[in-house]
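Descriptive analysis of the structure
Residue-level listing of the chains:
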Amino acid sequence: MLYLSRARELWEKLDRYDLKGSILSKKIGLVAHDKKKQDLTVWCDQVKEKLAQYELFATGTTGKAIIDATQLPITLLKSGPLGGDAQLGAMIVEGELDGLVFFIDPLTAMPHDVDVKALIRLATLYDVPFACNKATADAVLTLF
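So, how was this worked out
Residues numbered from 1 in each chain as written. Predicted model: local features only at pLDDT ≥ 70, side-chain atom pairs only at ≥ 80, totals over all residues. Heavy atoms only, no water. Salt bridge = Lys/Arg side-chain N within 4 Å of Asp/Glu carboxyl O. Buried < 20%, exposed > 50% of the residue type's maximum accessible area, 1.4 Å probe, protein only. Helix = DSSP H or I, 4+ residues; strand = E, 2+ residues; numbered from the N terminus. Contact = heavy atoms within 4.5 Å. Pairing = 2+ DSSP bridges. Right-handed = clockwise from strand over helix to strand, strands pointing away. Core = buried A, V, L, I, M, F, W, Y, C linked by side-chain atoms within 4.5 Å. Axes fitted to C-alpha atoms, helices over the stretch in contact; angles between N-to-C directions. Parallel < 35°, antiparallel > 145°, perpendicular 65-115°, else oblique. Left-handed = near helix turned anticlockwise from the far one by under 90°. Nonpolar A, V, L, I, M, F, W, Y, C, P; charged D, E, K, R; others polar.

**Quick notes on the pattern of salt bridges**
One pass over the structure, following the stated rule, counts 5 salt bridges. A salt bridge links Asp 45 to Lys 48; the shortest N-O distance between them is 3.4 Å. Assessed through its relative accessible area of 27%, Lys 48 is described here as partly exposed. Of the charged contacts in the structure, one is a salt bridge between Lys 134 and Asp 138, with a shortest N-O distance of 3.0 Å. Of the two residues, Lys 134 and Asp 138 both sit in helix H7 (residues 134-143), 4 residues apart, roughly one turn of that helix. You can call Lys 134 partly exposed: its relative accessible area is 42%. When its relative accessible area of 28% is taken as the criterion, Asp 138 is described as partly exposed.

Next up, the structure:
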């Protein structure tokens, strides 16, 4: 039993390396509600040197705003209401996302609220570090 536990631990460490022995970068998802996009863009600009070390994914409109402000390389997904939130959720389920920064507007009703709740539920279920504002985003970024 001890050998199995040690083998699993070693395998998890190896899983973070590519075939050349380089450490694979963490993958972080970025998304924000319309009234929070500016806040997320400002935060990304403040921590862009740190974010540049990671592979970034963002929903369409949010990602474009961040790219325009920071010139960070970001893989753009669909807009949130058009399936981008679901794409991030699928990445979480497949173990392809290491953290999620989602600046939520708690004062505005969202027509795609079900998708938003599903994304939050998946991050919680799969134990993916999740930030919903600047303070928690700073905390999550220190984990990486």
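**Examining the environment of Val 128**
Residue position: Val 128 is located in the loop between helix H6 (113-125) and strand S5 (130-131). Sequence spacing of Val 128 and Gly 99 is 29 residues, and the spatial spacing of their C-alpha atoms is 5.5 Å. Those residues in contact with Val 128, other than ones at most four positions away along the chain, are Ile 92, Leu 97, Asp 98, Gly 99, Leu 100 and Ala 123.

**Section: the pairing of strand S2 (residues 55-58)**
Of the strand pairs in this sheet, strand S1 (residues 27-32) and S2 are connected by 4 bridges, and their pairing is parallel. Across the sheet, the residue bridging to Ile 28 is Leu 56, located in S2. Summarising the sheet, S2 and strand S3 (residues 74-76) pair through 3 bridges and their orientation is parallel. Across the sheet, Phe 57 pairs through a bridge with Thr 75, a residue of S3. Traced from S2 through helix H4 (residues 60-70) to S3, the parallel crossover comes out right-handed.

**Remarks on the nonpolar core**
Grouped together as the largest cluster of nonpolar side chains are 21 residues, with contacts concentrated most on Ile 28, Leu 30, Leu 40, Trp 43, Leu 51, Leu 56 and Val 101. For this core, the elements supplying multiple residues, two or more each, are S1, helix H2 (37-46), S2, strand S4 (99-103) and H7. Every residue in contact with Trp 43, bar those within four places of it in the chain, is listed here: Leu 30, Leu 51, Val 101, Phe 103, Lys 134, Ala 137, Asp 138 and Leu 141. In terms of nonpolar packing, the next biggest core, distinct from the first, is built from 14 residues, Phe 57, Phe 102, Leu 119 and Ala 123 among them.

**Here we look at the packing of H2 against H4**
When two helices pack together, their arrangement is given by the angle between the helix axes and by the axis-to-axis distance. Here H2 crosses H4 at 40°, and the two axes come no closer than 9 Å. When the axes of H2 and H4 are compared, the pair comes out oblique. The crossing of H2 and H4 is right-handed. Note on element contacts: H4 touches H2 through Thr 61, Thr 62, Ala 65, Ile 66, Ala 69 and Thr 70, opposite Lys 37, Leu 40, Thr 41, Cys 44 and Asp 45. Each residue belonging to the contact of H2 with H4 can be placed in one class, and the counts come to 5 nonpolar, 4 polar and 2 charged.

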